[in-house]
Amino acid sequence: GAGLVAAMAADGGLGRFVTSATPLFLAMFAVPRLSSAMDDLIRRRVMRHLAYSEANVDAGRWWCAVGHVLVHGDDAHLAANAATLLVQGSRVCATLGEWWLLIFLGGAAFAALDSGSKRTQVANALARSLRVSAPAALAPISAAANGLTQKLSGMLAPSIARTTHFVGASAGVFALEGATLVLTLESLARAAWRSVWGSPRSREHSRRAADAARVAGDVFHVAVVSTSALDTRHSLLQGVVPAGGQSVDHAGHWQGFVFGVGLGAMLRLQQLLWRRGPL
């Protein structure tokens, strides 16, 4: 909000974010969307040299582990990721500085290279598409058939996942979501500390309407992010969900979020220990 922008501008944080984010945003908008009318050769080159797949990395194109953040399916896909990246990236930058970029790119790479979750996701999606529904009288037969399709899906998943391409900045954005969750929980912990163990002046400050509104906003943010993360985890277990003719990589979202929580907590702890300041 306006308070965040003012605070960042006051300590130079806004300039740091703009400086570090501008090249990334320019690159994201420069790469053609896959749904656009592009030459077939250009499309193949984009998928070969930027989109992530196990096959691309095995072929030596290791940069695809982060290059996929520049590729998007269509304008709506790009706009959604860019808007969320702007909001969450600026929030993390306000506290952790340019380390927000490491969280973003690290989360994207961590999620891309997690082949285990992707194979689980593909296996569950394939098994669901092959699932047999039958009347109650034939339940034992349908159960046996579904058990076989589940095993078959598990056998086929590695080869399918290896050649499946993943694009978009969503995993990195979810990593920033994880980091903002850590920072928001810290903010709530500070407010609780001041209201209970702080000085009379700080306790009075914690009761002010503006501070109460900020705490309410933090609680709402924690609830929204936590719900989103749990929903993503559930969707991963259910398989890839169709979305506008493409698929949502819930495995990537979840792994990015987990990475963001872990690295965000480590960076913030290191920052606090280095400052050795009071709560």
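Keep in mind that this is a model prediction, so the values were computed, not measured. (Residues numbered from 1 in each chain as written. Predicted model: local features only at pLDDT ≥ 70, side-chain atom pairs only at ≥ 80, totals over all residues. Heavy atoms only, no water.)

Observations regarding the overall build of the protein
Spelled out, the test is: Numbering of helices and strands runs from the N terminus; a helix is a DSSP stretch of H or I covering at least four residues, while a strand is a stretch of E covering at least two. Only protein chains enter the accessibility calculation, which uses a 1.4 Å probe; a residue whose area is less than 20% of its type maximum is buried, one above 50% is exposed, and one in between is partly exposed. By the convention used here, residues are in contact when the closest approach between their heavy atoms is within 4.5 Å. Per-residue and other accessible areas follow the Shrake-Rupley method at a 1.4 Å probe size, with only the shown protein chains counted as cover for residues.
Secondary structure summary: the protein contains 13 helices and 2 strands in total. Residues classed as buried in the protein amount to 42% of the 279 residues present. For the protein, the proportion of contacts with a sequence separation of at least 24, taken over those separated by at least 6, is 77%. Of the roughly 14700 Å² of accessible surface on the protein, 68% is carried by carbon and sulfur atoms.

Points about the packing of aromatic side chains
Definition in use: To pair, rings of Phe, Tyr and Trp, with the six-membered ring standing in for Trp, must have centres within 6.5 Å; the planes then decide the type, stacked if under 30 degrees apart, edge-to-face if over 60, and tilted in the middle.
Overall, the coordinates contain 5 aromatic pairs when judged by the stated rule. Their ring planes at 80° and their centres at 5.8 Å tell us that W62 and W63 sit as a pair that is edge-to-face. When its relative accessible area of 33% is taken as the criterion, W63 is described as partly exposed. A network of ring pairs unites the aromatic residues F17, W100 and F104 as a single cluster.

Thoughts on the pattern of salt bridges
Threshold: Think of a salt bridge as a Lys or Arg side-chain nitrogen and an Asp or Glu carboxyl oxygen that are within 4 Å of each other.
Inspection of the entire model under this criterion finds 5 salt bridges. Linking E98 and R16 is a salt bridge whose minimum nitrogen-to-oxygen distance equals 3.8 Å. With E98 in the loop between α6 (75-96) and α7 (99-112) and R16 in helix α2 (residues 13-30), this pair connects stretches of sequence that are 82 residues apart. A salt bridge links R162 to D58, with the nearest nitrogen and oxygen atoms 3.4 Å apart. You can see R162 sitting in helix α9 (residues 139-163) and its partner D58 sitting in helix α4 (residues 54-58), a full 104 residues away along the chain. The exposure class assigned to R162 is partly exposed, which follows from its relative accessible area of 34%.

Description of α6
Rules: Each residue after the first adds 1.5 Å to the expected span of a helix. Whenever two N or O atoms come within 3.5 Å, that pair is a polar contact, provided that in protein one can donate a hydrogen and the other can accept it, and provided that, for residues adjacent in sequence, both atoms are side-chain atoms.
Taking 1.5 Å as the rise per residue, α6 with 22 residues should run 32 Å; its terminal C-alpha atoms sit 30 Å apart, in good agreement. For α6, every residue scored as buried is listed here: L78, N81, A82, L85, Q88, G89, S90, V92, C93 and L96. The opening residue of α6 is D74, an N-cap whose side-chain oxygen sits 3.2 Å from the backbone nitrogen of A76. Within two residues after α6, G97 carries a phi angle of roughly 70°, on the positive side.

Focus on a nonpolar patch on the surface
Applied cut-off: A patch consists of residues whose relative accessible area exceeds 30% and which take part in no salt bridge; residues with like charges are grouped when within 9 Å of each other, and nonpolar side chains (Val, Leu, Ile, Met, Phe, Trp, Tyr) when within 5 Å.
The grouping of L130, L152, M155, L156 and I160 at the surface amounts to a nonpolar patch, some 450 Å² of accessible area in total. In this structure, L152 sits in helix α9.

Regarding the packing of α6 against α7
Put simply, the test is: Helix axes use the C-alpha atoms of the stretch in contact, all axes being lines fitted to C-alpha atoms, and the angles between their N-to-C directions lie in the range 0 to 180 degrees. Orientation is classified from the angle alone, with under 35 degrees giving roughly parallel, over 145 giving roughly antiparallel, 65 to 115 giving roughly perpendicular, and any other angle giving oblique. Under the convention adopted here, Pro, Cys and the residues Ala, Val, Leu, Ile, Met, Phe, Trp and Tyr are nonpolar, Asp, Glu, Lys and Arg are charged, and Gly plus all remaining residues are polar.
Where α6 meets α7, the closest approach of the two axes is 8 Å, and the angle between their N-to-C directions is 135°. Viewed along their axes, α6 and α7 adopt a mutual orientation that is oblique. The residues of α7 that touch α6, namely those facing L85, G89, V92, C93 and L96, are W99, W100, I103 and F104. Among the residues forming the contact of α6 with α7, the class breakdown is 8 nonpolar, 1 polar and no charged.

Brief notes about the nonpolar core
Note that soluble globular proteins tend to have their nonpolar side chains buried in a common cluster. So the rule is basically this: Nonpolar cores were defined as sets of buried Ala, Val, Leu, Ile, Met, Phe, Trp, Tyr and Cys residues, with membership established by side-chain atoms within 4.5 Å.
Counting residues in each nonpolar core, the largest one holds 30 residues, and the members touching the most others are L24, L85, W100, I103 and F104. Put simply, the parts of the chain that give this core at least two residues each are α2, α3 (40-49), α6, α7, α10 (170-197) and α13 (250-275). Here the element with the most residues in this core is α6; it accounts for 6 residues. Not counting chain neighbours up to four residues away, the residues in contact with F104 comprise L24, V69, L85, A169, G172, V173 and L176.

Re the environment of H68
Along the chain, H68 falls in the loop between α5 (64-67) and α6. For H68, a relative accessible area of 5% translates into the label buried. For the pair H68 and A109, spaced 41 residues apart in sequence, the C-alpha separation works out to 9.0 Å. Leave out the neighbours within four places in its chain, and H68 touches L50, A51, Y52, A108, A112, F166, V167 and G168.

Things to note about the environment of L152
Relative accessible area serves as the criterion here: at 40%, L152 is assigned to the partly exposed category. A sequence separation of 26 residues divides L152 from L126, and the C-alpha atoms of the two residues are 9.1 Å apart.

Quick look at the side chain of N81
Counting through the fold element by element, N81 comes out in helix α6. Given a relative accessible area of 7%, N81 falls into the buried group.

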